[in-house]
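Analysis of the macromolecular model
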Amino acid sequence: TSAAATAEKATGVSLRAVTKKYGPVVAVQDISIDVAAGTYCCLLGPSGCGKTTTLRMIAGHEEITYGDVFIGGRRVNALPPVKRDTAMVFQSYALFPHKTVWDNVDFGLKMQRLDRQARRQRVGEILDIVGLSDFAQRKPDNLSGGQQQRVALARALVTRPQVLLLDEPLSALDETLRVRTRGELRRLQKQFGLTFIQVTHAQDEAFSLSDQIVVMGDGHVDQVGTPQRIFNRPASRFVANFMGDNNLFEGNVTQVEADGEVAIAQLEVPQLGKFTCQAEVAPDVGMEAAFCIRADRMQVTRRGELPEQTTNHLSARITAIEFTGYITRVALLAEATGQELLYKARTQDWLARDLQEGQVVELYWTTEAANFLSH
Ligand code: ATP
């Protein structure tokens, strides 16, 4: 069957008001998620936020306390894992150490009681796809981490699940292999047209793999969006902080204007003055809120050299300059408040500026670059 035909059959996943309690501990609270058929979705968040619990509820390895899980439109709450059309790839790979690669992959098909002929063909096919045909007779112990990972993947894919669930599948790999395997995962997902849902705490992984990212914090869903959207338009203080390299300013909304698709909000920040930022939904005047400006979206200049008509700017003192290669990271303190700030420049541009530690500079940015945070 062609990839397109497979994609048509692919199955989406929906969670409706799902809660998981372990006794008094609420691991996941009232989350609703829609993962469209044939897409790659990452559940991204810090340790303990409920990602794995969510994945295990989709797989059927964990009972749902309240709410519903649908796979391909079918409510699966009461179905055991094998009847859900899903397969799971574990962080530890969970391979059988005494079985060969071939037998590891064959195992799931035996469970499905496929005949010998069909099994032979399917195992051979999938080992070929993941590039392990030459390793079929080896035991897992005699494989590299990346190869073991591919066996785990092959074993999950060979049963032809509609949904593949992956729990930190790359975390045991070193950096180089992690990046390469990431590409392979994406390629396989596209090739099979399957729905992939992956748990990760690594931002770069979520960015490079996903069609959709679900950012989770403390048992709830904080934001859902494309990687670009999550990166450029974090919706909350939590997401802005989790993405890192964001400067946050707390203030009160003093003015709101509609500007086509978006709103422009003006916030007054105590002692620093008024700033404008872009908001997806127009906030109420008077409300307490925050905005963020990413470290690489600011510009820097000497005092008295601000371009005319710059609405968003502040004075800050340089406290540290860190060369990291392509990028130079500059730590500063706002003159008026002492707030710590971060500015990032291309090293080449930074060196051309000839600025030193201890110097007071002006940081400035456009309205479009600053992003309103409602919660
Ligand atoms: P990590 O990335 O560290 O695996 P996570 O985001 O996957 O974290 P979960 O493993 O889903 O988080 O855990 C969510 C919360 O539920 C945590 O506070 C955890 O301590 C708690 N929890 C998980 N499993 C159990 C359990 N069997 N009994 C009690 N509490 C649990």
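Residues numbered from 1 in each chain as written. Predicted model: local features only at pLDDT ≥ 70, side-chain atom pairs only at ≥ 80, totals over all residues.

1. Observations concerning helix H3 (residues 101–111)
Taken residue by residue, H3 has Val 101, Trp 102, Asn 104, Val 105, Asp 106, Gly 108 and Leu 109 as its buried positions. Close packing links the buried residues of H3 with helix H4 (116–129) and helix H5 (145–157). In the stretch just after H3, Arg 113 is the one whose phi turns positive, near 60 degrees. (Buried ≥ 20, exposed ≤ 12 C-beta atoms within 10 Å, placed from the backbone. Helix = DSSP H or I, 4+ residues; strand = E, 2+ residues; numbered from the N terminus. Contact = placed C-beta atoms within 7 Å.)

2. Thoughts on the domain arrangement of the protein chain
One can read the domain layout of the protein chain as domain 1 (3–232) and domain 2 (244–373). A straight line from the C-alpha centre of domain 1 to that of domain 2 covers 39 Å. (Domains from an automatic or database assignment.)

3. Concerning the site of the ligand
The immediate surroundings of the ligand are formed by Tyr 22, Val 25, Ala 27, Gly 45, Ser 47, Gly 48, Cys 49, Gly 50, Lys 51, Thr 52, Thr 53 and His 201. For the shell around the ligand, the secondary structure elements donating two or more residues are strand S2 (25–35) and helix H2 (51–59). The greatest single-element share of the shell around the ligand, amounting to three residues, is contributed by H2. Across the shell around the ligand, the residue classes tally to four nonpolar, seven polar and one charged. (Near = placed C-beta within 6 Å. Nonpolar A, V, L, I, M, F, W, Y, C, P; charged D, E, K, R; others polar.)

4. Side note on the nonpolar core
The tendency in soluble globular proteins is for nonpolar side chains to be buried as a group. Formed by 89 residues in total, the largest nonpolar core has its most connected members in Val 105, Ala 154, Leu 164, Ile 197, Val 214 and Phe 291. Top element by residues in this core is H5. It accounts for six residues. Mapping this core onto the domain boundaries places at least three of its residues in each of domain 1 (3–232) and domain 2 (244–373). Sequence-distant contacts of Val 105, defined by excluding residues within four places in its chain, comprise Val 123, Ile 126, Leu 127, Val 151, Ala 154, Arg 155 and Val 158. (Core = buried A, V, L, I, M, F, W, Y, C linked by C-beta atoms within 7 Å.)

5. Overview of the sheet that holds strand S5 (residues 74–75)
Sheet architecture is open: four strands sit in the order S2-S1-S4-S5, paired in antiparallel fashion. Strands at the two margins of the open sheet, each flanked by one partner only, are S2 and S5. Of the pairings in the sheet, the one linking strand S4 (residues 66–71) to S5 comprises two bridges and is antiparallel in character. Bridge pairing links Ile 71 to Arg 74 in S5. (Pairing = 2+ DSSP bridges.)

6. Here we look at the sheet that holds strand S10 (residues 220–225)
Strand order in the open sheet formed by six strands is S6-S7-S8-S3-S9-S10, with mixed pairing between adjacent strands. At either margin of the open sheet sits one strand with a lone partner, and together these are strand S6 (86–89) and S10. The sheet shows a mean angle of 20 degrees between the axes of neighbouring strands, direction not considered. Most of the contacts of H5 go to S6, to which it runs at about 170 degrees, and overall it touches S6 and strand S7 (163–167). (Axes fitted to C-alpha atoms, helices over the stretch in contact; angles between N-to-C directions.)

7. A word on the packing of H3 against H5
The N-to-C vectors of H3 and H5 enclose an angle of 30 degrees; their axes lie 7 Å apart at closest approach. Judged on the interaxial angle alone, H5 and H3 are roughly parallel. The hand of the H3/H5 crossing is right-handed. In this structure, H3 uses Val 101, Asn 104, Val 105, Phe 107 and Gly 108 to contact H5, whose residues at the interface are Val 151, Ala 154 and Arg 155. For the contact of H3 with H5, a count of residues per class yields five nonpolar, two polar and one charged. (Parallel < 35°, antiparallel > 145°, perpendicular 65-115°, else oblique. Left-handed = near helix turned anticlockwise from the far one by under 90°.)

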